[in-house]
Amino acid sequence: DSGVTQTPKHLITATGQRVTLRCSPRSGDLSVYWYQQSLDQGLQFLIQYYNGEERAKGNILERFSAQQFPDLHSELNLSSLELGDSALYFCASSVDPHTSGDYEQYFGPGTRLTVT
Amino acid sequence: AQKITQTQPGMFVQEKEAVTLDCTYDTSDQSYGLFWYKQPSSGEMIFLIYQGSYDEQNATEGRYSLNFQKARKSANLVISASQLGDSAMYFCAMREMKTSYDKVIFGPGTSLSVIP
């Protein structure tokens, strides 16, 4: 158990809908990362938050948005869903490697999204 | 652009034998971290081993070791004494750390099958 929790575990929804995925990082971790794993694209970095602020952006679509709240949990919002958005969405957390020297990211169990 | 290459889409190894999974990376940064993760069929991402770009010794964690050749930009994973439970996807990843952000890029993965 990595200490990172993600809800829900599975989500089935229809095209055009909007969903919210939730992530709670390990206790003490200020950084949260979101990744999308699909069969044709592999594991893609979407976005990173550090202590409530967006820090890095990867291949995140404009239909997707994220935020990190004061209690450090994070939500990934996916809207106008398309069939191609079906994927496993991972959240990971870490401490700040610049201050701690610890570079490991701890992954949650993932949310499997199926768009029908 | 930063990139991770894993040239072996699938590998087979006999139980109790050693196996090497290849990974090459491309970056112009001096400070970065290299990781290997295991993803069994259940889907979770399991951290295996980490190597920092400034580490002079190759990292080892139990049966896992990372053969780091900085000049060749390679970070191969060696699994000794393979076990049936090692059958999984293995991802090589690179974390680039700058003062304002850090970003993780994953390779396409290698599927390892351990044969009894």
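Below: a short report on this structure. (Residues numbered from 1 in each chain as written. Chains lettered and ligands numbered in written order. Predicted model: local features only at pLDDT ≥ 70, side-chain atom pairs only at ≥ 80, totals over all residues. Heavy atoms only, no water.)

## Section: the packing of aromatic side chains
So, point 1. Under the criterion given, the structure shown has 14 aromatic pairs over all chains.
So, point 2. Both rings, one in Phe90 of chain A and one in Phe107 of chain A, keep their centres 5.8 Å apart while their planes meet at 85°; by these two values the pair is edge-to-face. On the criterion of sequence distance, the pair formed by Phe90 of chain A in strand S9 (residues 87–94) and Phe107 of chain A in strand S10 (residues 106–107) is long-range, its members being 17 residues apart. Of the two residues, Phe90 of chain A and Phe107 of chain A, neither departs from the other in class, the shared state being buried.
So, point 3. Measuring from ring centre to ring centre gives 4.9 Å for Phe35 of chain B and Tyr50 of chain B, while their planes differ by 50°; the resulting arrangement is tilted. Here Phe35 of chain B, found in strand S5 (residues 32–39), pairs with Tyr50 of chain B, found in strand S6 (residues 46–52); they are 15 residues apart in sequence, far enough to count as distant. Tyr50 of chain B shares its class with Phe35 of chain B; the two are buried.
So, point 4. The structure contains a cluster of three or more aromatic residues connected by ring pairs, namely Tyr35, Phe45, Phe90 and Phe107 of chain A together with Phe35, Tyr37, Phe47, Tyr50, Phe91 and Phe106 of chain B.
So, point 5. For Arg55 of chain A, the ring lying beneath its charged end belongs to Tyr50 of chain A, and the centroid distance is 4.1 Å. (Phe/Tyr/Trp six-rings, centres within 6.5 Å; stacked < 30°, edge-to-face > 60°. Helix = DSSP H or I, 4+ residues; strand = E, 2+ residues; numbered from the N terminus. Buried < 20%, exposed > 50% of the residue type's maximum accessible area, 1.4 Å probe, protein only. Lys NZ or Arg CZ within 6 Å of the ring centre and 35° of its normal.)

## A few points about the interface of chain B and chain A
So, point 1. Facing the 18 residues of chain B at the interface are 18 residues of chain A.
So, point 2. Taken together, chain B and chain A are joined by zero salt bridges.
So, point 3. When residues of the side of chain B that touches chain A are traced back to their parent elements, those giving at least two are S5, S6, strand S10 (88–97) and strand S11 (102–106) of chain B.
So, point 4. Element by element, the count of residues in the side of chain B that touches chain A is highest for S11 of chain B, at four residues.
So, point 5. Broken down by class, the residue content of the side of chain B that touches chain A amounts to 10 nonpolar, four polar and four charged. (Contact = heavy atoms within 4.5 Å. Salt bridge = Lys/Arg side-chain N within 4 Å of Asp/Glu carboxyl O. Nonpolar A, V, L, I, M, F, W, Y, C, P; charged D, E, K, R; others polar.)

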